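# Report on the structure
Residue-level listing of the chains:
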Amino acid sequence: SQKIEQNSEALNIQEGKTATLTCNYTNYSPAYLQWYRQDPGRGPVFLLLIRENEKEKRKERLKVTFDTTLKQSLFHITASQPADSATYLCAHLDSSASKIIFGSGTRLSIRP
Amino acid sequence: NAGVTQTPKFQVLKTGQSMTLQCAQDMNHEYMSWYRQDPGMGLRLIHYSVGAGITDQGEVPNGYNVSRSTTEDFPLRLLSAAPSQTSVYFCASSRGQGTVYEQYFGPGTRLTVT
């Protein structure tokens, strides 16, 4: 079955450094991949979409890459700030093209 | 624009009780869906709808019913609550089906079944 995996361990980094989160998918090659941010007690908020023919997508301090050979997407936050602390989720459409599958998310903590 | 609204925010039910979680959106989105979120499990799709009058099952549909009589509303019904349905429920909407469209999520309903 299709799976989308994110590192379930929390990532703790120092303010100002680059945070890198990983999303791996198996048994399927999605055409698009999305990244969301979720704060405690709130619903996820869409951040970025990347297509399979795009190697990289940027939005302000955010950068997403999509490596179809490795079946992996990386999400980078440069010059990280404590306000970037949240859980980050990746998602893709399953092969039936009817259901969106989410990873379990990676909790990111930025310490001052 | 209120976006996606959900009521109630919190609910406690006894085993066997039924209830309806409400979801509404004012963005004229065709696609709406319900997810549950459990610790370490991520978001799992319960049911979804591609338009008024059309619904389909997601990953974990057992114990839940949905209907979509209008574009705006997509209620989720728990028929006979069980402790395994203790979770946080999110409703989402998007312009269309598929990850080319961003999903807008509601604030969630935290449900406890005792």
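Residues numbered from 1 in each chain as written. Chains lettered and ligands numbered in written order. Predicted model: local features only at pLDDT ≥ 70, side-chain atom pairs only at ≥ 80, totals over all residues. Heavy atoms only, no water.

### A closer look at the sheet that holds strand E3 (residues 19–25) of chain B
All names here are of chain B. In plain terms, the rule: Only strands that DSSP links by at least two bridges are regarded as paired with each other. Only DSSP runs of H or I covering at least 4 residues are called helices, and only runs of E covering at least 2 are called strands; the numbering of each starts at the N terminus. Think of each axis as a best-fit line through the C-alpha atoms, taken over the contacting stretch in the case of a helix, with angles from 0 to 180 degrees between the N-to-C directions.
The four strands lie next to each other as E1-E3-E8-E7, forming an open sheet whose pairing is antiparallel. Looking at strand neighbours, the two that pair on one side only are strand E1 (4–7) and strand E7 (64–66), the edges of this open sheet. Mean inter-strand twist for the sheet, computed between neighbouring axes without regard to direction, equals 20 degrees. Bridging between E7 and strand E8 (residues 76–78) involves three bridges; their strand directions are antiparallel. Within E8, the position partnered with Tyr64 by the bridge is Leu78.

### Digging into the packing of aromatic side chains
Keep this limit in mind: Between the rings of Phe, Tyr and Trp (Trp by its six-membered ring), a pair exists once the centres lie within 6.5 Å; its type follows the angle of the planes, with under 30 degrees stacked, over 60 edge-to-face, and the other angles tilted. Three exposure classes are used, based on accessible area relative to the maximum for each residue type with a 1.4 Å probe and protein chains only: buried under 20%, partly exposed in between, and exposed over 50%. Here, over-ring charges are defined by two tests on the NZ atom of lysine or the CZ atom of arginine: distance to the ring centre within 6 Å, and angle to the ring normal within 35 degrees.
Within this structure, the stated rule accounts for twelve aromatic pairs over all chains. With centroids separated by 5.4 Å and ring planes inclined at 90 degrees, the aromatic side chains of Phe102 of chain A and Tyr35 of chain B adopt a geometry described as edge-to-face. You can see Phe102 of chain A sitting in strand E10 (residues 100–102) and its partner Tyr35 of chain B sitting in strand E4 (residues 31–38), one on each of two chains. Judged by its relative accessible area of 0%, Tyr35 of chain B is buried. A ring pair is formed by Phe90 of chain B and Phe105 of chain B, whose centres lie 6.5 Å apart and whose planes are at 85 degrees; its orientation type is edge-to-face. You can see Phe90 of chain B sitting in strand E9 (residues 87–94) and its partner Phe105 of chain B sitting in strand E10 (residues 104–105), a full 15 residues away along the chain. On the basis of relative accessibility, which here comes to 2%, the residue Phe90 of chain B falls in the buried class. Clustering of aromatic rings is evident, with ring pairs tying together Tyr36, Phe46 and Phe102 of chain A together with Tyr35, Phe90 and Phe105 of chain B. Positioned above the aromatic ring of Phe74 of chain B, the side-chain terminus of Arg68 of chain B is 6.0 Å from the ring centre.

### Describing the pairing of strand E11 (residues 106–111) of chain A
Residue and element names in this part refer to chain A. Side chains Thr106, Leu108 and Ile110 of E11 all project onto a buried face; the interleaved residues Arg107, Ser109 and Arg111 project onto a face where none is buried. Inspection of the sheet shows strand E2 (residues 11–14) paired to E11 by four bridges, in the parallel sense. Residue pairing across strands places Gln14 opposite Arg111, the latter belonging to E11. Both strand E9 (residues 86–93) and E11 contribute to a ladder of three bridges, which runs antiparallel. Pairing of Thr87 across the sheet is with Arg107, part of E11.

### Considering the environment of Asp56 of chain B
Looking at the secondary structure, you find Asp56 of chain B in strand E6 (residues 54–57). Assessed through its relative accessible area of 41%, Asp56 of chain B is described here as partly exposed.

### Regarding the state of the cysteines
In protein chemistry, a disulfide is the covalent bond that joins the sulfur atoms of two cysteines. Residue and element names in this part refer to chain A. Our working definition: The disulfide criterion is simple: two cysteine sulfur atoms within 2.5 Å.
If you walk through the whole model with that rule in mind, you get two disulfides over all chains. Two residues, Cys23 and Cys90, share a disulfide whose sulfurs are 2.0 Å apart. In this structure the cystine formed by Cys23 and Cys90 twists about its S-S bond by roughly 75 degrees; its chirality is therefore right-handed. Here the residue Cys23 occupies a position in strand E3 (residues 19–26), and Cys90 occupies one in strand E9, the gap between them amounting to 67 residues. Owing to a relative accessible area of 0%, Cys23 belongs among the buried residues under this scheme. With relative accessibility at 0%, the residue Cys90 sits in the buried group.

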